[in-house]
Amino acid sequence: MFHLRTCAAKLRPLTASQTVKTFSQNRPAAARTFQQIRCYSAPVAAEPFLSGTSSNYVEEMYCAWLENPKSVHKSWDIFFRNTNAGAPPGTAYQSPLPLSRGSLAAVAHAQSLVEAQPNVDKLVEDHLAVQSLIRAYQIRGHHVAQLDPLGILDADLDSSVPADIISSTDKLDLAVFKERLRMLTVGGFYGLDESDLDKVFHLPTTTFIGGQESALPLREIIRRLEMAYCQHIGVEFMFINDLEQCQWIRQKFETPGIMQFTNEEKRTLLARLVRSTRFEEFLQRKWSSEKRFGLEGCEVLIPALKTIIDKSSENGVDYVIMGMPHRGRLNVLANVIRKELEQIFCQFDSKLEAADEGSGDVKYHLGMYHRRINRVTDRNITLSLVANPSHLEAADPVVMGKTKAEQFYCGDTEGKKVMSILLHGDAAFAGQGIVYETFHLSDLPSYTTHGTVHVVVNNQIGFTTDPRMARSSPYPTDVARVVNAPIFHVNSDDPEAVMYVCKVAAEWRSTFHKDVVVDLVCYRRNGHNEMDEPMFTQPLMYKQIRKQKPVLQKYAELLVSQGVVNQPEYEEEISKYDKICEEAFARSKDEKILHIKHWLDSPWPGFFTLDGQPRSMSCPSTGLTEDILTHIGNVASSVPVENFTIHGGLSRILKTRGEMVKNRTVDWALAEYMAFGSLLKEGIHIRLSGQDVERGTFSHRHHVLHDQNVDKRTCIPMNHLWPNQAPYTVCNSSLSEYGVLGFELGFAMASPNALVLWEAQFGDFHNTAQCIIDQFICPGQAKWVRQNGIVLLLPHGMEGMGPEHSSARPERFLQMCNDDPDVLPDLKEANFDINQLYDCNWVVVNCSTPGNFFHVLRRQILLPFRKPLIIFTPKSLLRHPEARSSFDEMLPGTHFQRVIPEDGPAAQNPESVKRLLFCTGKVYYDLTRERKARDMVGQVAITRIEQLSPFPFDLLLKEVQKYPNAELAWCQEEHKNQGYYDYVKPRLRTTISRAKPVWYAGRDPAAAPATGNKKTHLTELQRLLDTAFDLDVFKNFS
Ligand SMILES: Cc1ncc(C[n+]2csc(CCOP(=O)(O)OP(=O)(O)O)c2C)c(N)n1
Ligand SMILES: [Mg+2]
């Protein structure tokens, strides 16, 4: 392999590498230093016959050919010529004609033709060379574009110049430039002559540098390519495998004179730069010791975003949803979203009291929602900035999900009205895997938002870390290449170039509805925050930064020199904005109270009262009429379209469902059907997403039927239930938890009138989405006063399947519940159960019956407020003959049972009950089986806690009081340090005022969630059942 590379390297670009060497010797020390070129694009490396030792032979042959083409066989001569002319692999070689008498004559004839037409050959070769040259600029021009405003770094982390193009920086030194040009042309890389520089060449259709002209002199071709690709914009797009898209981009950047701005546009740009710059300066003056993660060094971000928004608004977008990290966030809130300045300024007043409940959040994490007129287009535009945690990039999928939902609810199937803009830091964009996961959602039918504009604030540093230590890819943006997104790198000290790429990015999105990246190559004038000293770690960079003239000053000078504005006008613009800030600052002093609600990114108008309270504090019955249950059941067990052939196995499943409906019972899948189907009838959109959710990991759901005879023909019976029902979306997701859960959380943010569910393939996989759970779902309302009704379905249960696939980690969810284990709430309070739900941060349930699962899903929507709902769902119970519920448990008047009390013989004669066992979930079935086998149904009562959190203190107190002579024990199948024990025990003790002990029957503590050995699993299970029913077992401890 290595040898082949050497050979390939020597074959084609030999002269080029020589060029590089010779050339680099002539370079001044401070200029870019040339290194061995990074990759040789010799197609010959891919020739099938060039393998192993043959490459030695070819190498020698090539050297001989270089010296004298006639010294090798004619076929090699043709091969080397073709290769040098850029023939693709497999085509350079032409087999020699058979050596018959006639063919010998033919060879002689062909040879005489070659010799007789040297000009034709030269002409063809030269044109091919020019084409290659053009292509080289299109592919590699960005590597030498002047992107770093400081002029000291390489945006692609590589100072070498590709051998087949001419560096713009060379032009700084005319002699160097001329030499390089000569090396590339005269007998050099392309085999062109110096005289060729003034020859006119036809331009291929894959370039637009000609403008109206179809042919240009070579000198002019090179100049125009330089202008298009090697100035302040680096266009990276040639990896896109769609010709139309490539042509579109080429046209946008190659057409001569395309980057023109009117004086009006230049003045607007200057005014926006004034706002961006002076805002930071104002904050710095007033609060010099506060962290604000200022934008200094990338002030151009504000006009950049405004340009993207203006252009998108012009193309029909009326809602932009944005996500961004800390850097420049306050500036974006002030100058892009147009949050009232006094509201921002009063966030700096630490003495202001918060009007809302919850913990609140620091000012540079809060979200915002604002509807206003876009002054440039005079059209309405709504801007929403999603609140975010400190965890960089975590908000990306959330923004996408919210965008998808807003598109969905306004029927914007192509993303023409609603779009997302995501901002990134260079280090985070390259380093965080969620960026990749989010990109992979961008083109999936049920997840696409039809193109996101990504803007990277590439200040070439991450906190204290240099890019060279922060990424292995040339650019921080390379991750975007996986989805064929074009990447526009731009020098941020050239505001017009920035505006141009932003315009093109917005046009790209509205033309192709695909992602696009704007990489603002800039610098960070201060430390990571305003308190940090950057000279500790980046001394040279910061010496240069200290010398760097701010972009506003540079641009103002340019416009003054061009006569677009005069100095007094410019100064007037500055003092106008300073006055706005001062006045807002004065008003901010009048603010007495902080309203976090004013920072809501997703208001739900109409759902709450005007002052943001729930419309009631009660929940109606979640039961349904028999007719509705039967109707849904019948659809769930049929194929509601004609001529649709389903799999035989599925026919049997549907038949069984039909029989259950006749018997007025439901299993898990049917209960879910009933809940979904009835909510759809009530106009509630349902979206179920996750890996393989359409069929269901455990093959129980089958919400999408597949025609066995027609490829890709599917039917979703849930969408055939009622004439005017809400739509049902069920979608298999990409194999991502972090990305997809974030996305669904965002989707659920958009409307309270939707049931959005994410199902983990197995519950334990949720931990790769831990950040979404910890930073958004658990504390979201406390930090950002926004409610969210997302449902997590987490398959959980010890089935002997080993340490993975067993535990959804209930202990973690329970540990994060905000209810106090040691304080007994006022149980007499009216609507105790609803108030508890209202106060909690999330609801955690483990249902033991399909009926209860049905109720809790419906309750999620019938509640007058929204809370995240975590459901540990079963695996073996999906098919357990006892895990069935009768229609009677689902009729009007019925509701979700937070606790299912004992209802067998023990409950008839409670005084004689010796032990009251509490449990949750599937272990209940093991316990009842064991109790029956031991004939202890009168001695042991078993009470199921279905809603673990908020803890049903009221109902459990009743249960305990009912069995005065019983000792209390908690039984779980999970290990002692896991599961529910640590959560339940103190709360049960509080319930009974610590009057009795609460014993434990279950597995010992362990590091892993389960054993990998099936036999050990069964032994452990038997042991815990033995403990649960041995009435003497705790005697010694009392
Ligand atoms: C997931 C995560 N890890 C670590 C951090 C700590 N942190 C905050 S800012 C920062 C550097 C970010 O650099 P970059 O993305 O380039 O943005 P910049 O601050 O340069 O604008 C780090 C490491 C974080 N906020 N989130
Ligand atoms: Mg950075």
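Our subject is the structure that appears above.
All of the points below concern the structure found in this document. (Residues numbered from 1 in each chain as written. Chains lettered and ligands numbered in written order. Predicted model: local features only at pLDDT ≥ 70, side-chain atom pairs only at ≥ 80, totals over all residues. Heavy atoms only, no water.)

1. Thoughts on the coordination of the magnesium ion (ligand 2)
Ideal coordination angles are 109.5 degrees for a metal with four donors arranged tetrahedrally and 90 or 180 degrees for a metal with six donors arranged octahedrally.
Now for step 1: Bound to the magnesium ion (ligand 2) are the protein donor atoms D426 (OD), N459 (OD1) and I461 (O), situated 2.0 Å from the metal.
Now for step 2: Donor residues for the magnesium ion (ligand 2) sit on one chain with the sequence pattern D-x32-N-x1-I. With D426 in helix α15 (residues 426-431) and N459 in the loop between β9 (452-458) and α17 (467-470), this pair connects stretches of sequence that are 33 residues apart. The same class applies to D426 as to N459, namely buried. (Donors = N, O, S within 2.8 Å, 3.2 Å for Na, K, Ca; no water. Helix = DSSP H or I, 4+ residues; strand = E, 2+ residues; numbered from the N terminus. Buried < 20%, exposed > 50% of the residue type's maximum accessible area, 1.4 Å probe, protein only.)

2. Observations regarding the sheet that holds strand β7 (residues 379-385)
Now for step 1: Ordered in space as β3-β10-β11-β9-β8-β4-β7-β6, the eight strands form an open sheet in which the pairing is mixed. If you trace the sheet from one side to the other, it starts and ends with β3 (233-236) and β6 (368-374), each paired once. Strand-to-strand twist across the sheet, computed as the mean angle between neighbouring axes with direction ignored, equals 20°.
Now for step 2: Summarising the sheet, strand β8 (residues 418-425) and β9 pair through six bridges and their orientation is parallel. Counterpart to L423 in the pairing with β9 is V455.
Now for step 3: Each of β4 (319-323), β7, β8 and β9 touches helix α14 (residues 395-409); the most contacted strand, β8, lies at about 175° to it. (Pairing = 2+ DSSP bridges. Axes fitted to C-alpha atoms, helices over the stretch in contact; angles between N-to-C directions. Contact = heavy atoms within 4.5 Å.)

3. Overview of the side chain of N852
Now for step 1: Looking at where N852 falls in the secondary structure, it is placed in helix α30 (residues 850-862).
Now for step 2: There is a polar contact of 2.8 Å between the side chain of N852 and the backbone nitrogen of Q897.
Now for step 3: A distance of 3.0 Å separates the side chain of N852 from the side chain of E946, its partner in a polar contact.
Now for step 4: Those residues in contact with N852, other than ones at most four positions away along the chain, are C847, H895, F896, Q897, I900 and E946. (Polar contact = N/O pair within 3.5 Å; in protein donor to acceptor, adjacent residues only side chain to side chain.)

4. A few points about the pairing of β7
Now for step 1: The buried fraction of β7 amounts to five of the seven residues, a majority that puts the element mostly inside the structure.
Now for step 2: Pairing analysis gives seven bridges linking β6 to β7, with the strands arranged antiparallel. By the bridge assignment for β7, M368 is matched with L385.
Now for step 3: Linking β6 back to β7 in an antiparallel pair, the connection comprises four residues, with D378 at a positive phi of about 60°.

5. Topic: the site of ligand 1
Now for step 1: Around ligand 1, the structure places 15 residues, and the nearest of them are R327, S390, D426, A428 and N459.
Now for step 2: Here an oxygen atom of ligand 1 sits 2.8 Å away from a polar atom, N or O, in the side chain of R327.
Now for step 3: I461 is positioned with one of its backbone polar atoms (N or O) 3.0 Å from an oxygen atom of ligand 1.
Now for step 4: Coverage of ligand 1 by the protein chains reaches 75% of its 580 Å² of free accessible surface.
Now for step 5: Counting residues per element, the shell around ligand 1 draws most heavily on α15, which supplies three residues.
Now for step 6: Its residues assigned to classes, the shell around ligand 1 shows five nonpolar, eight polar and two charged. (Near = heavy atom within 4 Å. Areas by Shrake-Rupley, 256 points an atom, 1.4 Å probe, with all protein chains shown as cover. Nonpolar A, V, L, I, M, F, W, Y, C, P; charged D, E, K, R; others polar.)

What is shown is where atoms sit, not what they do.
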